[in-house]
Amino acid sequence: MVNRRKFIHSSVLTATGVALLKANAIAALTENRGLKDYFKNDFSVGAAVDSDIFSRNNKEILSLIEREFNTITTENALKWEPVHPTENRWNFNVADKFIEFGLKNRMHIQGHVLVWHSQVPKNLFEDESGKQVSKGVLLKRMENHILTLVDRYKGKINSWDVVNEAITPEDGYRRSKWFEIIGPEFMERAFHLAHEADPNCHLIYNDYNMTNPKRSDFLVELIKKYKKKGVPIHGIGMQGHYNLDSPNTKAIETSIEAFASAGMRVNFTELDVDVLPYDWGRTSEVSSNIEYAESLNPYKNGLPKEINDKLTRRYEELFKLFLKHRDKIDRVTFWGTTDNKSWKNNFPMHGRTNYPLLFNREHKPKNAYFAVVGLKS
Ligand code: GLA
C-alpha cells in the first residue's frame, strides 16, 4: 500500500507505477467497481450522456456508465432547441429515457440547461412576423419553459443548470437576447421560477473560463447581491474545458475558494482536457468554428507517449486538487464518456482526433484513469 502511494505522489508516474495501478484497477473493473466507488466519500463522479446512446440503446456504453458513474447529465436532450422546438411542441422522448436510466441506477440526475443563449429555436426571440418580442412576451416564454420542464421532472432531476454562460470577462453580462430584451433580471427570474417549480432542487449557475478573475469577481459580487435579495442559487458550475497546460491548478483553486466563500457549492460540470495544438485564442464559445488545418490535427494515428504522459499528469493534478477541496465540491462530471464521443473532436475545428477523456476509443480506461483512481487506492 505504502509503495503504491509513493508511485502516485511522485510527480512523474513511472512505468512500474502505472503498471501496478493498472493491475489494481483492472481487478476492480472486473468486480464492477469504478470512479464512483473510489470517490464515494469525496464527491460524485459523472458524465454527460449523448442522446444517441439512449435512442440507440447503446448497451456497451450504458454499462460503462453504470459501472463508473453515480451522476449523469444530458449532453443535449434537455436543451431548449431539442426539447421544446416550437412554442407548443415538446420532445420528451430521449429525456424520459435518460431519467428512467438515472432513476433505475439511483444516480444523481443533473438537468442541463434551462436558460442559455445557444441551442435555442431560431424564433424564440421573435414574433410571427420576425420582429423581436417584447420583454413581457419573452418572460412569459421563459416562465412556460422553466415551469413545464422542472415540474415534469420534479423529484427526479436533483439539480438544474438554471442559467448557462451569461457572464463575459469583458463586459459583465453577456449581451445575449435574454439580456437585451429582459435586462439582467432574467437571471434571477429564472432561478425563482425553477425554485417555485421544485423547491427541493439544487440550482446552479454554469459557465466556462471561470478562472478568469474578471468573470469570477463579477459572479461573486452577483451571488452576494442574490443572497441579500433571497434569490435561490445554491451552486456554481465550473465547466472545466481545460487544456494540457492551462489554466494552472492555482488559478482553479482560487476560483473554487472564491465561490465557496460566497456560500456556493462547487461543481465541475463539463470536465475534459484538450490535447491538441491550437493557434487561436482560448475559447469555449460554442458558436466558434475554425477552418480545418491538417497541421492542427497531428495525432490521427494515435497519441504519442509524451503527450499521453502529460495528459495523465494533468488529470492526476486536477483530481489531487479536487480531493484537497472535497469539502467544497459536490460533483465532478466529464463532458462525455469515451474519446470518440467527445465534442472536442469537432470543436472549435471540425474533424480532428482528440483524446480528452478517461476512456479511449475502444472504451477502455487510459493511463489517466489509472492515475486518478490511484489517488484513492
Ligand atoms: C458548453 C455547454 C454544453 C455543451 C458544450 C459543448 O459548455 O454548456 O452544453 O454544448 O458547450 O458541447
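So, a few notes on the structure that sits alongside this text. Nothing here was measured: the structure is a model prediction, and the numbers come from that model. (Residues numbered from 1 in each chain as written. Predicted model: local features only at pLDDT ≥ 70, side-chain atom pairs only at ≥ 80, totals over all residues. Heavy atoms only, no water.)

Attention shifts here to the packing of helix 13 (residues 305-324) against helix 14 (residues 367-374). Here helix 13 crosses helix 14 at 25 degrees, and the two axes come no closer than 8 Å. In terms of orientation, helix 13 and helix 14 fall into the roughly parallel class. The handedness of the crossing between helix 13 and helix 14 is right-handed. Within the contact between the two elements, helix 13 uses Asn308, Leu311, Thr312, Tyr315, Glu316 and Phe319 and helix 14 uses Asn367, Ala368, Ala371 and Val372. Per-class residue counts for the contact of helix 13 with helix 14 are six nonpolar, three polar and one charged. (Axes fitted to C-alpha atoms, helices over the stretch in contact; angles between N-to-C directions. Helix = DSSP H or I, 4+ residues; strand = E, 2+ residues; numbered from the N terminus. Parallel < 35°, antiparallel > 145°, perpendicular 65-115°, else oblique. Left-handed = near helix turned anticlockwise from the far one by under 90°. Contact = heavy atoms within 4.5 Å. Nonpolar A, V, L, I, M, F, W, Y, C, P; charged D, E, K, R; others polar.)

Relative to the assigned elements, threonine 86 resides in the loop between helix 6 (80-83) and helix 7 (93-104). In sequence terms threonine 86 and valine 113 are 27 residues apart; their C-alpha atoms lie 17 Å from each other.

All right, on to the site of the ligand then. The environment of the ligand is made up of twelve residues, and the closest members are Lys79, His112, Asn164, Gln239 and Glu270. In the environment of the ligand, an oxygen atom lies 2.9 Å from a nitrogen or oxygen atom belonging to the side chain of glutamine 239. Tryptophan 335 has a polar side-chain atom sitting 3.3 Å from an oxygen atom of the ligand. If the ligand stood free it would expose 300 Å²; the protein chains cover 95% of that surface. When its residues are assigned to classes, the shell around the ligand shows four nonpolar, five polar and three charged. (Near = heavy atom within 4 Å. Polar contact = N/O pair within 3.5 Å; in protein donor to acceptor, adjacent residues only side chain to side chain. Areas by Shrake-Rupley, 256 points an atom, 1.4 Å probe, with all protein chains shown as cover.)

With respect to the helices, strands and loops of the structure, serine 44 is situated in strand 1 (residues 44-49). Separated by 68 residues in sequence, serine 44 and histidine 112 have C-alpha atoms that sit 17 Å apart. Not counting residues within four places of it along the chain, the set of residues in contact with serine 44 comprises Asn70, Thr71, Asp330, Arg331 and Val332.

Right, let's get into the pairing of strand 8 (residues 235-238). Here strand 8 shows a buried face lined by Gly235 and Gly237 and a second buried face lined by Ile236 and Met238. With four bridges connecting them, strand 7 (residues 202-207) and strand 8 associate as parallel partners. Bridge pairing in strand 8 links isoleucine 204 to glycine 235. The parallel pair strand 7 and strand 8 is bridged by helix 11 (residues 213-229), and the resulting crossover is right-handed. Bridging between strand 8 and strand 10 (residues 265-274) involves four bridges; their strand directions are parallel. Each bridged residue has a counterpart across the sheet, and for methionine 238 the counterpart in strand 10 is phenylalanine 268. (Buried < 20%, exposed > 50% of the residue type's maximum accessible area, 1.4 Å probe, protein only. Pairing = 2+ DSSP bridges. Right-handed = clockwise from strand over helix to strand, strands pointing away.)

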